[in-house]
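# Structure at a glance
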Amino acid sequence: MEKDSILPKLARFLASETGKDEEVLLYAMLLVKTTVLSYVLLLLVSWVLGVWQWALAAAVTASVFRVFSGGAHASDPVRCSIIGTTVFTAVGAAAVVYYIPMGNYQFGMLLLAVFVISSIIFYIYVPADTPGKPITSQVQRTYLRIISYSLLVVWSAAVYFLFISARDVFAESLIIASLGGLCWQVFTLTPPGY
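No experiment lies behind these values; they were computed from the predicted model shown.

Attention shifts here to the packing of aromatic side chains. Under the defined criterion, the tally for this structure stands at 7 aromatic pairs. Ring plane angle 75° and centroid distance 5.6 Å describe the contact between Tyr160 and Phe161, whose orientation is recorded as edge-to-face. Ring geometry for Trp184 versus Phe187: centroids 5.5 Å apart, planes at 40°, classification tilted. With a gap of 3 residues between them, Trp184 and Phe187 both fall in helix α7 (residues 169–187), about one helical turn apart. One aromatic cluster is present, built from ring pairs that chain together Phe65, Phe122, Tyr149 and Trp155. In this arrangement the basic side chain of Arg145 is found over the ring face of Tyr123, its NZ or CZ atom lying 5.8 Å from the centre.

Right under this line is the structure:
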């Protein structure tokens, strides 16, 4: 990044006005910029392919879990955007193309399997930090693990009740796409995901 680009200048200004660390502010702004651009790219590609709702359901699910559980990072923001767009568009397309109608019992068993596997991986790997942003406090580790488990329980219950009350393939396939987003996020916590 160029020294005189707008984000470093803005970070410097905000640091002088607020007394906050300039590096932290710059990192936060770069994170927001990357996230927005990644979602725009995802929406454009998945819209062209006609699966934007499902891709968005998968991406939002993974993003929400990622905030608390951590996970693997690409080596640069462009790769992150490309990987995210590819994966979530594929998950969205799979939720549409390969959707198999299932009853409440079958979905409940699928959700239970994903819940159990996710719980085990959360227990072993969450929070998954990175060398660039290590988690040094045991209190923070415990907090992030509790939030991740709580989110998994709430999400699983919500998804189950949404599924059993869904009356059409569109709603059910959106739920399956969300499930795919969780599976991707859980994969990024594991050594093969890294």
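So, about helix α4 (residues 77–97). Each α-helix turn comprises 3.6 residues. Residues three or four places apart therefore point the same way. Across its 21 residues, α4 extends 29 Å between first and last C-alpha, which sits within 8% of the 30 Å expected from 1.5 Å per residue. Taken as a whole, α4 has its buried residues at Ser81, Gly84, Thr85, Val87, Phe88, Thr89, Val91, Gly92 and Ala95. Elements in contact with the buried residues of α4: α2 (22–48), α3 (52–69) and α7. With a side-chain oxygen positioned 2.9 Å from the backbone nitrogen of Val78, the residue opening α4 is Asp76.

How each quantity is defined
Each residue is numbered by its place in its chain's sequence as written, counting from 1. Only residues with pLDDT of 70 or above have their local features reported here, since the model is predicted, and side-chain atom pairs are shown and tallied only from 80 upward, although totals for entire chains, interfaces and linings are computed over all residues. Just so you know, side-chain values use all the structure's heavy atoms and leave hydrogens and water out. Only the six-membered ring of Trp is used, alongside the rings of Phe and Tyr, when aromatic pairs are assigned; centres must lie within 6.5 Å, and planes under 30 degrees apart are stacked while those over 60 apart are edge-to-face, with the rest tilted. Think of it this way: any DSSP run of H or I at least four residues long counts as a helix, any run of E at least two long counts as a strand, and we number them from the N terminus. Here, a charge over a ring means that NZ of Lys or CZ of Arg falls within 6 Å of the ring centre while also lying within 35 degrees of the ring normal. Here the expected length of a helix is defined as 1.5 Å per residue gap, with one fewer gap than residues. Using a 1.4 Å probe on the protein chains alone, a residue whose accessible area is under 20% of its type maximum counts as buried, one over 50% counts as exposed, and one in between counts as partly exposed. Two residues form a contact once any of their heavy atoms are found within 4.5 Å. For this analysis, a polar contact is any N or O atom pair within 3.5 Å, provided that within protein one partner can donate a hydrogen and the other can accept it, and provided that sequence-adjacent residues contribute only side-chain to side-chain pairs.

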